[in-house]
Amino acid sequence: SNSQIECEVPDFTDIDAGMMTLDVGIFYESVSIGMETVRYHRCDLYKQCDSCSGVSKFCTWCPLASKCSILNDAICSEYRVTDPGSCPAITEVSPAKLSRNTIKSVIIRVDHLPEYQLTDLYQCRISSRANSSLTKLFDISEQSTNSTIFCDGVQVAEDFPEYHLAESVIDIGIVYGPSKVVVVTSNLTVYACGLLATDCVQCVGMFSIPEYSCRFCTDQCAYSGDQICEHSAIAEDSTDCLLQNTEILQIVPDWSPGEGGVPITIMGKSLAVTTQKINIVFAIDLSGTISTVVCQNPKIIDSTRLECITPNVLADLRLMSLYEDLTSTVRLQYVGSDIQDFRSDKEFYFTTLDISDVMPLKGPESGGTLIRVNGTRICVPDNTSVTIGNGLSCSSVRCNVTAQILDCVTPGSTGNQTITVTVGSADTTANDAFSYGSDPIVTSVTPDCTLKEGGIEITVNGSNFDIIQRPQLVIKNSVITKRNVGMVTKRDVTCGTGDVTLLDAVSRTDTQLFFPLPANISSSYSFSFKMDGVADVCNAERQMTVLEPPLVISNNFEFNNGKNNTLTCNIGQPCHINMTMTQIHRFGDQVKILVGNLPCHNSTPTPIESSDGLIGRFVCVVPTAEEVKAAASEIYGPGEGKESNKRSKRALLGDQETDRFLVKMKIGLYEKQLGWCAYVEKGFQKIYLYIGAGVIVLFLTIFIVMVVKCRSDKNRHILDLEKKHQHAIDKVEASYAKAARQEFTELTLMTGHTANIKIDPREIPYRIYCDYLVHIMFPNVDKKKILNNLQLDLGEDTEYQLKEFRKFLNNQQFLVTFIDVIERQKTFQVVHRCEVASYLTIALYKDFSYLSKILFTLLDKLIQNDINKTPKLLLRATKSVAEKLLTNWLSLALYDYLCTATGPSLYDLCYKIILTVDLGPIDVVTHQARYALSQDRILSEEVEYQKLEVQAVGPDGMRARNPVSVLDCDTITQVKGKLFRAIYRHLPFSQQPPLDSLSLLWTPQSGQSGSMELSDVDERMVEAGAEKRFNTLKTYKVQNNDLLALTTFNDYHQAPMSTIRSVKRQTVSEVSRYHLVKSMNSDMDFRSPAVNKRQLSSSSTAGTKIASEAFLNSLIRTKEHLSKVLHKMMTTVFMESNNIPAAIKYLFDYLDSKTELLNERDRQDPEIAHVWKTNSLPLRFWINIIKNPQFLFDIDKPPIMDSYLSVIGQCFMDSFSLATMTLNKDSSANKLVYNKEVNLYRKSVDKWYKDVRHAPQVSLRAVVQDSKLPEDLPFRQGFAITQLLEYARKYQAEISAALPTHGQQITRSDFEVLVKPRS
């Protein structure tokens, strides 16, 4: 109309803005008639009520839809908010904090809530802030109003993440309608008393805070409304917590030098109240007298943590020095209070600092050398310092508390300086001084250029490189495309800023360093060297030019630019390659010309005078055809084989059949094919003359030989045979003489160094109790399967039936009848008797007294049945349930005695056996050793070997503290085992990675670059007749101080092949293999004329067979090595009369009482009691532990240890025997070796038996208390009872016939109802 114009507004929904300012105008033919500014609003972008209702008169907040909409939107027809002051809002939530363990009504006070029927349309809702999808709804009570909402039964769900936190905030609000639209929300704090307060003192302290309803009930902090607090004592005051709930959990560190000065932290529960004054006291036992010293400056951090500084016990106790560790216990004294002192059994040690070694002991005068200090208790974090000389501090001190290792960086100095470690108020100085040498100097680097493919090895010339711990090449401003092994990239190192690449030297001498350059696509880059802290070589930058590959310019042979270039060489005459190429002279000896896979001889590129100086000449002597063929055969073997193998050889090397080989050039990793080299015979027509002359000479030779042979007489033939026999005799005599000389040398020069190695009892890897029992009770069964079965949940129906059968087992009359009946069955074999005894032990474990009664009841029946037959054989073998049950009973009762008394010495013996065996060669196939303890295990081969000291690195990068001793005759598997034991000696066997999963990498210290994987089996194996010998360190020519690294197969195969040289593994072979001892079928008779000179010469390197009697002296030497630890173990078994376990006393008294049955039947035999005791304890229990130490310890028992432990076990049993031993020169060496000790041990055994008999009697209750059995086992007893129930079902008819038909005991009908299978 004349006064109004209407038009459609464009779509602005894609514009993400709540309000826009628009210019609206009227135009007539592009002429503006009028313009006005208007505002455009997008109401849906406002998410809060206050922002929506106050932005514009066109937007309104819809609380029942929880959204902002336009004024006339139908969704807001019932209720809308246009004023920010009218928005619904929660003003208060009561209570503001809610315990997670309570169900409580929550009151929400709210303003401006729309008035509707509250209970029908509104609900309360809580939701997790960590996971918004987790919500829970609650009804509101009838008494609610629009301003006060009562939420009934609010409880936090366990699936809320906040439920498991000490204190957190969740959302609480009011929702509307069926779609549960959130009208208004607020905060609700959820807390857990047991997580907020970790001990009694903290829990009592929360009692004064009204928002929390926490009380300390019995032994935990709980919500005051919990059932646990209804009938238990409640601590009302903090002092009520002390003593009763005080517990010291940990002391960090748990040692201090005797001079003190070390801050320590005591952590525990309810240690003290912050308002109290406390003294921390160390109680030290000095020769039976308890002396106390007070910790200095005690501080109460909170109830769970105390701090103090250790005192000087040397001054306080007036001691000159500490000759051994002082063990103390911690006491807490509450000053000014009537509370008694708290005495803890937590031990704290006062000791002396001891430095064992420092590596390395030399470095440059500028410092920067990373040294490692090894020792015993020399490391306390933040309280340990290292000084060099007079007060020069070693920087960047790092402290490894577990291994007690210190690492630090040396300062600059000169001369020889002492190394001192200070811990607290104590210090100690290393025996060896640190030697400062002149800083290294770099004079030249060759070559000064590389190719983008990399692999070129540069040589750094200079001086004093040997004092640098880790020389590195620093590459700057480069783009590396392929990384070498050991290459790392760091920022802001001392040699420059920005990202630089550090590369370790692959080998070095005092005057030279060798670095392989990586692949690089830069045209040039700068580099320098990082040598500890030497700044001169670090800051002196040099340039490395990246060149294009050399181009061939000219040659004097048949090499052209054609496709099939061929160089023809006459066989028998010298042949050269002479080429002119660009830039070739700049690469020096890095240039290699290969014919096949063999380099040319005398190859040295030289420059040629030219205008630009960029041309060089390369001249070399081509190897002969025989040399090239031999080199090719080393890789691919003989020419025979499949056609595909021939084709691959021709593609890589050439064709051996036509004497035509591939010629290529290599510069680092760059390769280029140049052509072919063909070997031809010059003067081919003369071959027929040579053949004719050869035939004539052959016939003449045959004629002369036949004439001479016909005229020879029998005397000459006999003389030849005598010479052969004399040769064989001389060789055997020489072998015996050499073996005797070697035995004499080792006997006089060998020292007992293994005796000086001490083992910390805390490092012994004992098996946990349940694992120990499974190994004892099920020695020949899969342990993991047994443990899994013992942890199965059998279901409610089965559990009910087992519960009833357990009641039957608790009836002594039924159980004895059950065992007696099934033992009489022919199908009930020895293995079944052992299973029943073991499952019965598990089923009755919790009632050890009842298990003991069953055992001795069964022993009574066993003795009564066998006493008239062969009484001395009683208990000697496991032929009954009672005998196996006796073994299990002793294993249960003596476990604590094993761990505290016999275990340390037995572990020491096993460890010393391994060290002794490793001193000499061991055959990996036959397990024969030079230092054996059994004659049948003596290595009787003449073996020449040399001891090596190598550096060892584990798969996780951990180095062995000291060089590891290996033998060059060791196989690769044996070396891996020695390295692994040196690095991970303290790690339990079950936690060690499998040795088969590790490979061995060898990095020589000089002469070669890169690393090589070593393998027992590859093409390097030496053939000897029909056998091949396993590879050893001598095969690879490993030298002293070389680096041997254990690594996983994945790590090895991911390493770049540019630095790791691998040999082809033989995974399948039909050829038998040996190590040091050849099999019988490969031994050659040297007296036989069929053995030619070649066989004689090859057999001389494989060792000579010598009778084992020539090495019997090694048995005595090995016995001397083990004498101390063996005697110590024997002492703990039968020489300590003041520490007799109650179980042994109870068993021996029982056996003494049973020998009276023999006296009553006129069969008096004084040896019966001794034999029964020997059969029951030493033979049944101790021999089982001694021969199988892996039952008690988490260790691996190698096969060679079996022969050692068999001889020691024989010595052990002979010591208990009453039989007279008559030995002579023809007796077994295994019997003779310990004959002297057996006679001494027998006297100790007799005395010990008498001491046990005269010891005070003990009751069965005392046996239970002395055994210190754990209260429960970590597996279910249901599986064991199930197995016993299966035996009951198997022999149901026989057992039913033996049960009474009526009476108060278990009847026949009761049993048949129980064992009937349920449907």
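Conventions used here
Residues numbered from 1 in each chain as written. Predicted model: local features only at pLDDT ≥ 70, side-chain atom pairs only at ≥ 80, totals over all residues. Heavy atoms only, no water. Helix = DSSP H or I, 4+ residues; strand = E, 2+ residues; numbered from the N terminus. Buried < 20%, exposed > 50% of the residue type's maximum accessible area, 1.4 Å probe, protein only. Contact = heavy atoms within 4.5 Å. Areas by Shrake-Rupley, 256 points an atom, 1.4 Å probe, with all protein chains shown as cover. Salt bridge = Lys/Arg side-chain N within 4 Å of Asp/Glu carboxyl O. Axes fitted to C-alpha atoms, helices over the stretch in contact; angles between N-to-C directions. Parallel < 35°, antiparallel > 145°, perpendicular 65-115°, else oblique. Left-handed = near helix turned anticlockwise from the far one by under 90°. Nonpolar A, V, L, I, M, F, W, Y, C, P; charged D, E, K, R; others polar. Pairing = 2+ DSSP bridges. pLDDT = per-residue confidence, 0-100. Core = buried A, V, L, I, M, F, W, Y, C linked by side-chain atoms within 4.5 Å. Phe/Tyr/Trp six-rings, centres within 6.5 Å; stacked < 30°, edge-to-face > 60°. Arc of directions from axis to C-beta. Expected span 1.5 Å × (residues − 1). Disulfide = S-S within 2.5 Å.

So, on to the overall build of the protein. Looking only at helices and strands, one finds 34 helices and 66 strands in the protein. Expressed as a percentage of the 1319 residues in the protein, the buried residues total 46%. For the protein, restricting intrachain contacts to residue pairs at least 6 apart in sequence, the fraction spanning at least 24 positions comes to 67%. For the protein, the computed accessible surface area is about 67,900 Å², with 50% contributed by carbon and sulfur atoms.

All told, the structure shown has 30 salt bridges when counted by the stated rule. The residue R824 makes a salt bridge to D820 at a minimum N-O spacing of 2.4 Å. For D820, a relative accessible area of 27% translates into the label partly exposed. Several salt bridges share partner residues, and in doing so they unite R372, R398 and D407 into one network.

All right, on to the packing of helix α23 (residues 1113–1134) against helix α28 (residues 1199–1216) then. Look at α23 against α28: their axes get within 12 Å of each other, and the N-to-C directions meet at 50°. The angle between the axes of α23 and α28 places the two elements in the oblique class. Read as a crossing pair, α23 and α28 show a hand that is right-handed. Contacts between α23 and α28 pair T1118, L1122, L1126, M1130, V1133 and F1134 from the former with Y1204, I1208, C1211, F1212 and F1216 from the latter. Classifying every residue of the contact of α23 with α28 by side-chain character gives 10 nonpolar, one polar and no charged.

With that out of the way, let us pick up the environment of L64. By secondary structure assignment, the location of L64 is in the loop between β3 (59–62) and β4 (67–70). In this structure L64 comes out as buried when scored by relative accessible area, which is 12%. Separated by 113 residues in sequence, L64 and G177 place their C-alpha atoms 8.1 Å apart.

The strand order β16-β18-β22-β21 describes an open sheet built from four strands, whose pairing is antiparallel. This sheet does not close on itself; its edge strands, each paired only once, are β16 (247–252) and β21 (296–302). Neighbour-to-neighbour, the strand axes of this sheet turn through a mean angle of 20°, independent of strand direction. Taken together, the five bridges between β16 and strand β18 (residues 263–269) define a ladder with antiparallel strand orientation. Residue pairing for β18: I248 is matched across the bridge by G268.

Below, the discussion takes up the confidence of the model for the protein. With 84% of its residues at a pLDDT of 70 or more, the protein shows a mean pLDDT of 81. Below a pLDDT of 50 lies the segment residues 1051–1070, which in the model reaches 45 contacts outside its immediate sequence neighbourhood of four places, other chains included. Under a pLDDT of 50 for its full length, residues 1081–1103 has, in the predicted model, 24 contacts with residues more than four places off or in other chains.

Counting 144 residues, the largest nonpolar core has F805, W889 and F1212 as its most contacted members. A per-element tally of this core places helix α18 (residues 895–917) first, with 14 residues. Beyond its immediate chain neighbours, meaning those up to four positions away, F1212 contacts M1130, V1133, F1134, P1178, W1182, I1183 and I1186. Membership of the second largest hydrophobic core comes to 67 residues, among which are A272, C295, C308 and Y334.

The next subject is the sheet that holds strand β14 (residues 220–223). Spatial ordering of the open sheet is given by β14-β13-β15, a layout of three strands whose pairing is antiparallel. The sheet is open, and its two borders are formed by β14 and β15 (234–235), each paired with just one other strand. As judged from the four bridges shared by strand β13 (residues 214–217) and β14, these two strands associate in the antiparallel manner. Opposite R215, over in β14, you have A222 as the bridge partner.

Okay, the packing of aromatic side chains next. Evaluated as defined, the whole model comprises 35 aromatic pairs. Arranged with centres 6.1 Å apart and planes meeting at 20°, the rings of F814 and F818 form a pair that is stacked. Pair noted here: F814 and F818 are both in helix α14 (residues 812–823), with a separation of four residues, about one helical turn. The pair formed by F814 and F818 is uniform in burial state, with each residue classed as buried.

Among the residues of helix α34 (residues 1308–1315), those classed as buried are F1311, L1314 and V1315. For α34, the arc enclosing every buried residue in end-on projection is 85°, short of the 170-degree limit, so these residues lie on one face.

For helix α30 (residues 1235–1254), with 20 residues, the first-to-last C-alpha span of 29 Å sits near the 28 Å given by 1.5 Å per residue. Residues E1237, V1238, Y1241, R1242, V1245, W1248, Y1249 and V1252 constitute the buried set of α30. Seen along its axis, α30 keeps its buried residues to an arc of 140°; they face one direction. Facing away from the buried side of α30, by more than 90 degrees, are the exposed residues K1236, L1240, K1243, K1247, K1250 and H1254. The elements touched by buried residues of α30 are α23, α24 (1142–1154), α26 (1167–1176), α27 (1178–1187) and α28.

Turning our attention to the packing of α14 against helix α16 (residues 848–866). Axis separation between α14 and α16 bottoms out at 11 Å; the angle between their running directions is 45°. With respect to their mutual orientation, α14 and α16 come out oblique. In the crossing of α14 with α16, the sense of the turn from one axis to the other is right-handed. The residues of α16 that touch α14, namely those facing Q812, L815, V816, I819 and D820, are Y850, I854, T857, L858 and K861.

Inspection of every chain in the model, using the stated rule, returns 11 disulfides. Between the sulfur atoms of C200 and its disulfide partner C241 the distance amounts to 1.8 Å. Here the S-S torsion is close to -60°, and the disulfide linking C200 with C241 is therefore left-handed. Separated by 41 residues along the polypeptide, C200 in helix α4 (residues 200–205) and C241 in the loop between β15 and β16 bring together distant segments of the chain. The pair C200 / C241 is uniform in exposure class, with both members buried. Covalently, C295 is tied to C308 through a disulfide, its sulfur atoms 2.1 Å apart. Judged by the torsion about the S-S bond (85°), the C295/C308 disulfide is right-handed. Here C308 lies in strand β22 (residues 305–309) and C295 lies in the loop between β20 (289–294) and β21, a separation of 13 residues in the sequence.

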